[in-house]
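# Analysis of the macromolecular model
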Amino acid sequence: QEQLVESGGGLVQAGGSLRLSCAATGSIVSIYAMGWYRRAPGKQRELVAAITSGGSTNYVDSVKGRFTISRDNAKNTVYLQMNTLKPEDTAVYYCHVRTEPGPRGPGDDYWGQGTQVTVSS
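As a starting point, this report considers the structure included with it. (Residues numbered from 1 in each chain as written. Predicted model: local features only at pLDDT ≥ 70, side-chain atom pairs only at ≥ 80, totals over all residues. Heavy atoms only, no water.)

## A look at the pattern of salt bridges
Using the following cut-off: A carboxyl oxygen of Asp or Glu within 4 Å of a side-chain nitrogen of Lys or Arg is what we treat as a salt bridge. Note on conventions: DSSP H or I runs of at least 4 residues are helices, E runs of at least 2 residues are strands, and numbering of each starts at the N terminus. Using a 1.4 Å probe on the protein chains alone, a residue whose accessible area is under 20% of its type maximum counts as buried, one over 50% counts as exposed, and one in between counts as partly exposed.
This structure, assessed with the given rule, holds five salt bridges. Across the salt bridge formed by D89 and R38, the nearest N and O atoms sit 3.1 Å from each other. With a gap of 51 residues between them, D89 in the loop between β8 (77–82) and β9 (91–99) and R38 in strand β4 (residues 31–39) connect regions that are remote in the sequence. Here D89 and R38 have matching classes, each one buried.

This is the structure:
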């Protein structure tokens, strides 16, 4: 079974909205942070937004004021509400989970399969 299940990608016109969802299965425990990375054509992967289990958030400058990350800790689910989408937001978006560090080292990383977001002009 997949450990991270992503959904919500699609095609939308500029100015529109999409909501991405990523649910971690029960096999992933002690989550420290969940977030979204993206890879656009011709560009390196970048962190779009992240949120810790305590609720602190971080956004790449290009999406501040337009995207909102949230999470439901009880469901081990993270959401990315994307508003006022721009063509430059077009990318494959990947869910990412980092678990809490343990006594033997840092936490583990988990990646979703990616979901395509395409914003047309």
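## A short note on the pairing of β8
Regular strands place their side chains on alternate faces of the sheet. Threshold: Strands qualify as paired when DSSP identifies two bridges or more between them.
Of all six residues in β8, five are buried, a share of seventy percent or more. When strand β3 (residues 18–24) meets β8, the two strands line up antiparallel, connected through six bridges. Among the inter-strand pairings, L20 is bridged to a residue of β8, identified as L80. The pairing of strand β7 (residues 67–72) with β8 spans six bridges and is classified as antiparallel. Along β8, the bridge assignment pairs I69 with L80.

## Focus: the environment of N76
Quick note on the threshold: We call two residues in contact whenever any of their non-hydrogen atoms come within 4.5 Å of each other.
Here N76 lies in the loop between β7 and β8. Between the C-alpha atoms of N76 and Q44, which are 32 residues apart in sequence, the distance is 28 Å. Aside from chain neighbours lying at most four places away, what touches N76 is C22, A23, A24, T25, I28, I31 and M34.

Coordinates in, geometry out; function isn't part of it.
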